[in-house]
Protein chains: 2
Amino acid sequence: MGVASLFKVVEGGSVTAPKGFKAGGLHCGLKKTTRNDLAAILCEVPAVAAAVYTTNVFQAAPIKVTQDSLAASRTLRAVVVNSGNANACTGKQGEADAYAMREETAKVLGVSPSDVAVASTGVIGELMKMDRVSSGISGLPAVMSTDEDGAEQFCQAILTTDLVKKEVCVSLVIDDREVKIAGAAKGSGMIHPNMATMLGFVTTDAAIHPDALQSLIKDATDVTFNMITVDGDTSTNDMLLAMASGLSGNKELTEKHPDWDGFAAAFRHVCQVLAQAIARDGEGATRLVEVEVSGAVSDLSARAIAKTIVGSSLVKSAVFGADANWGRIIAAIGRAGEPVNPETVDIHLGEIAVLTGSKPVTFDEDEALAYLKGDTVRIVVDLKNGEGTATAWGCDLTYDYVRINAAYRT
Amino acid sequence: MGVASLFKVVEGGSVTAPKGFKAGGLHCGLKKTTRNDLAAILCEVPAVAAAVYTTNVFQAAPIKVTQDSLAASRTLRAVVVNSGNANACTGKQGEADAYAMREETAKVLGVSPSDVAVASTGVIGELMKMDRVSSGISGLPAVMSTDEDGAEQFCQAILTTDLVKKEVCVSLVIDDREVKIAGAAKGSGMIHPNMATMLGFVTTDAAIHPDALQSLIKDATDVTFNMITVDGDTSTNDMLLAMASGLSGNKELTEKHPDWDGFAAAFRHVCQVLAQAIARDGEGATRLVEVEVSGAVSDLSARAIAKTIVGSSLVKSAVFGADANWGRIIAAIGRAGEPVNPETVDIHLGEIAVLTGSKPVTFDEDEALAYLKGDTVRIVVDLKNGEGTATAWGCDLTYDYVRINAAYRT
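Note that the structure is a prediction, hence the values are computed from the model and not measured.

Calculation rules
Residues numbered from 1 in each chain as written. Chains lettered and ligands numbered in written order. Predicted model: local features only at pLDDT ≥ 70, side-chain atom pairs only at ≥ 80, totals over all residues. Heavy atoms only, no water. Helix = DSSP H or I, 4+ residues; strand = E, 2+ residues; numbered from the N terminus. Rg over C-alpha atoms; globule rule 2.2 N^0.38 Å. Contact = heavy atoms within 4.5 Å. Areas by Shrake-Rupley, 256 points an atom, 1.4 Å probe, with all protein chains shown as cover. Lys, Arg positive; Asp, Glu negative; His and termini not counted. Charge placed at Lys NZ, Arg CZ, Asp CG, Glu CD. Least-squares fit on C-alpha atoms with pLDDT ≥ 70 in both. Buried area = accessible area lost by both parts, 1.4 Å probe. Salt bridge = Lys/Arg side-chain N within 4 Å of Asp/Glu carboxyl O. Polar contact = N/O pair within 3.5 Å; in protein donor to acceptor, adjacent residues only side chain to side chain. Nonpolar A, V, L, I, M, F, W, Y, C, P; charged D, E, K, R; others polar. Phe/Tyr/Trp six-rings, centres within 6.5 Å; stacked < 30°, edge-to-face > 60°. Buried < 20%, exposed > 50% of the residue type's maximum accessible area, 1.4 Å probe, protein only. UniProt positions renumbered as here; feature names shortened; annotations may be inferred. Pairing = 2+ DSSP bridges. Axes fitted to C-alpha atoms, helices over the stretch in contact; angles between N-to-C directions.

Student: A description of the overall build of chain A should follow, citing residues and the corresponding values.
Tutor: Looking only at helices and strands, chain A features 11 helices and 15 strands. Computed over its C-alpha atoms, the radius of gyration of chain A comes to 22 Å, within 12% of the 22 Å expected for a compact globule of 410 residues. Seen through its principal axes, chain A has C-alpha atoms that stretch 65 × 55 × 35 Å. Nonlocal contacts in chain A, meaning residues at least 24 apart in sequence, comprise 80% of its contacts between residues at least 6 apart. Only carbon and sulfur atoms are counted for the fraction: they give 51% of the accessible area of chain A, which is about 14100 Å². Considering chain A, the positive charge centre built from 36 side chains and the negative charge centre built from 50 side chains are found 4 Å apart.

Student: Go over the relation of the copies chain A and chain B, please, and point to the residues and values.
Tutor: Think of it as a corkscrew move, a rotation about one axis and a shift along it, taking one chain copy to the other. Structural alignment of chain A on chain B gives an RMSD of 0.0 Å, achieved by rotating through 180° and translating 0.0 Å along the axis. Here the copies are linked by what is in effect a two-fold axis. Every residue of chain A has its C-alpha some distance from the rotation axis, and the shortest such distance is that of Tyr399(A), at 2.6 Å.

Student: I'd like to hear about the interface of chain A and chain B, residue by residue, with values.
Tutor: One frequent convention defines the size of an interface as the accessible area lost when the parts assemble. Contacts between the two partners involve 53 residues from chain A and, on the opposite side, 53 residues from chain B. Approximately 4400 Å² of surface area, both sides summed, lies buried where chain A meets chain B, with 60% of it carried by carbon and sulfur atoms. The tally of links from chain A across to chain B stands at zero salt bridges. At the boundary of chain A and chain B, one finds zero residue pairs in polar contact (both at pLDDT 80 or more). Per-element tally for the side of chain A that touches chain B: the top contributor is helix α9 (residues 326–334) of chain A, with eight residues. Across the side of chain A that touches chain B, the residue classes tally to 25 nonpolar, 17 polar and 11 charged.

Student: So what's going on with the packing of aromatic side chains? Residues and values would help.
Tutor: All names here are of chain A. Tallied over the entire structure, the rule returns six aromatic pairs over all chains. Aromatic pair tryptophan 260 and phenylalanine 263: ring centres 6.2 Å apart, planes at 40°, arrangement tilted. Placement of both tryptophan 260 and phenylalanine 263 in helix α6 (residues 260–280) is noted, with a separation of three residues, approximately one turn of the helix. Accessibility assignment for this pair places tryptophan 260 and phenylalanine 263 in one class, buried. Site record: aromatic cluster; members linked through ring pairs are Trp260, Phe263 and Phe267.

Student: Kindly report on the UniProt feature "binding site: substrate" (unreviewed entry) in chain A, identifying the contributing residues and their values.
Tutor: All names here are of chain A. Mapped onto the present numbering, the UniProt feature "binding site: substrate" (unreviewed entry) falls at Thr160, Lys186, Thr197, Glu283, Asn405 and Thr410. Residue placement: threonine 160 occurs in the loop between α4 (148–157) and β6 (166–174). Threonine 160 sits in the buried class, given a relative accessible area of 14%. Position of glutamate 283 among the secondary structure elements: in the loop between α6 and β10 (288–296).

Student: Outline the sheet that holds strand β14 (residues 376–382) of chain B, supporting the account with residue identities and numerical values.
Tutor: Residue and element names in this part refer to chain B. Read from one edge of the open sheet, six strands run β13-β12-β11-β14-β10-β15, paired in mixed fashion. Here the strands that pair on one side only, and so sit at the sheet edges, are β13 (359–360) and β15 (388–395). Strand direction decides the pairing type here: strand β11 (residues 346–349) and strand β12 (residues 352–356), joined by three bridges, are antiparallel. Note on β12: the bridge partner recorded for isoleucine 347 is leucine 355. Here helix α9 (residues 326–334) sits on the sheet and contacts β11, β12, β13 and β14; the angle it forms with β11, its principal contact strand, is near 135°.

Student: How would you sum up the pairing of strand β10 (residues 288–296) of chain B? Please name residues and give values.
Tutor: All names here are of chain B. Along β10, seven of the nine residues are buried, which leaves the element largely enclosed by surrounding structure. In this structure, β10 lies alongside β14, joined through seven bridges in parallel fashion. Bridged to serine 294 within β14 is aspartate 382. Strand direction decides the pairing type here: β10 and β15, joined by seven bridges, are antiparallel. Each bridged residue has a counterpart across the sheet, and for valine 289 the counterpart in β15 is glycine 394.

Student: I'd like to hear about the pattern of salt bridges, residue by residue, with values.
Tutor: Considering all chains together, one arrives at 24 salt bridges over all chains under this definition. Between Asp375(A) and Arg280(A) there is a salt bridge, and its shortest N-O distance comes to 3.3 Å. Pair noted here: Asp375(A) is in the loop between α10 (365–372) and β14 (376–382) and Arg280(A) is in helix α6, with a separation of 95 residues, a long-range link. We note a salt bridge from Asp222(B) to Lys218(B), for which the minimum N-O separation is 2.8 Å. Taken together, the positions of Asp222(B) and Lys218(B), both in helix α5 (residues 210–223) and four residues apart, correspond to about one turn of that helix.

Student: Please set out unusual backbone geometry residue by residue, giving values where relevant.
Tutor: Even without glycine at this site, Asp176(A) takes up a positive phi of about 65°. For Asp176(A), a relative accessible area of 76% corresponds to the exposed category. Phi at Ser358(B) takes a positive value of approximately 65°, unusual for a residue other than glycine. Structurally, Ser358(B) is set in the loop between β12 and β13.

Student: Report on the sheet that holds strand β11 (residues 346–349) of chain A, specifying residues and quantitative values.
Tutor: Taken in spatial order, the six strands of this open sheet run β13-β12-β11-β14-β10-β15 (chain A), and their pairing is mixed. With partners counted over all chains shown, the strands left at the sheet margins are β13 (359–360) and β15 (388–395) of chain A, one partner each.

So this is what it looks like as structure tokens:
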């Protein structure tokens, strides 16, 4: 059964497509360019909300503030986001600043502070220029809209070294009502399993129980955002936030609802499209790398192996060079720390077999070169050692990755 | 107590400096250039021997052969090494080829096959050109010598993408006899904790019990070779082999010998110098990065954190760019999966304080830039959370790393 049968993609749809959501963004002066750097999403009713956060020990101040807001009621009315400054490792002042962002946003949008989530991304360890932030927040109401331009301005405002905006929207029918799920995300560097410098925002007009939404966002993250890696680093600021307005009028979704599977598949699809877009837009990347592992002793084991392959600097460099160097793939598999039978591994690059039963297969180097020069490279590994499967996404390692990161602050 | 008081460095000394050892190398045609690619060390008496190997699941054929030789008697007479082909993932034929290398080397050197260790490094998954190897082996006796040129030819032959040879020699007095310990190593890419594409050979004329040598080589590796990372990848071929001729005439060393601490310190020093040399010569590297972690809950925890920092692509890129971006250091600490108090971390770059009690310190950017442009960058982290300490070594991530690895096979 293809998931495509359960929902359809809404072309051009973004976070304002589900009923009840406005979005907007503007430039307040945190970025040195004139690109947008402050944005918000507002829901006209209290939205059931759920979030997952970075596992980094050094959680940035906005993470604490958002957790605080969600602890109050499990609903939100708005989220305010800035780029250009992560507000991380900024001590008591940083925390006060994040709370001030919450307070000021609540005031201009006419909601209460605990209805507001806060997210930040950018440089670590510098205090926020709060005069610019405050001035920007006061300008937010004027730029918020339910149309595509509002979503566009929002998407632009959350980017840092990203080259392209990342958004997606799907729709499906639940209880005879059209339900939409949309998402926007940013992330380009410091991207690794267990959340990264990645911000993601999912809006939906579905009615859903908060427990169901929380468990869905966690499960979907495990197989999508937590399966991408750009450079092995995990940021202090990651957050994926979902808000459900309930305005489509369906009966409240829980795992027992007859249409749950369809909704969950659609939700995962939104997360997967955003995650793949982040991997493809990895700093300096020229191609998306998709690693599929099957035959592992468990799904968890397959995930660990897939992430080790997609995170290997040597594999990533070889993909950049369009070099069918499967020896580096086998070396990555072998160091993943997972059970592997060293005699039974098959590896394909796309459709091209390069290793069968752990032995090299003679393949057409020209064909392999042509395949590896495409914009998506699939590395398919069958360990023949169990039933576990996983897919991970990443990108190649290029001169531009080094250039971008050799002088990010300056 | 400085370790320097326990032993002295022998300038220009290499693996033939300890009594009883010959070495040599030649070009047999495994490398495309005319550089040496086959080499051997021969001991005139049975040498007590010990080794540690890669933890990669896919161990190359020569690893098995060496384990086989050492299992026979715990002494060796010789080791034969080739570069240009790793003889890994080469199946039954590869194993037969590695045994043939052992057999042929034993024959031309006049020893028995189980007296010979085999080591290989190079491309994975291609069969050895055994006609060239055999012809090379037959030429080995003519090039083996006890002088520095023999050691020089050996050191050159084991290199792959290395830019410089790596060798060291120290001497100390035990039981009124001069004892020398010398080492040679190669390794440049696919270098990561728990052994990597790294071959190391230690010779000594000390008399030592095989159990003591095995436990020493393991302990020394844990704090030296296993604390370096170039790119997070671990090869299929790593091996560190120690051979002790006993010809200096000291009483057999064990942990109970009164001079054990001095010998162990000298042995660790040899390993550390070689490990640092490998890190400094990391593929594309322009500088050595040394990360010192203290105040962790245990030494093991400190090691994990030090290796996470030194392995971070973002930290490595920042060092290449001479950018004092300590935010990336804190992000690496925070994702290492080890206990950390997020309020108490101090970070210095060399002598320059950049973070105190997890809060940014205003520092002179010009001074930091000048420091980071040096050929060694020390990142000093005090977690103030326990007594655990560790030091790890790595290098910066540069355009040249990408260039070298984008087309290694071709």
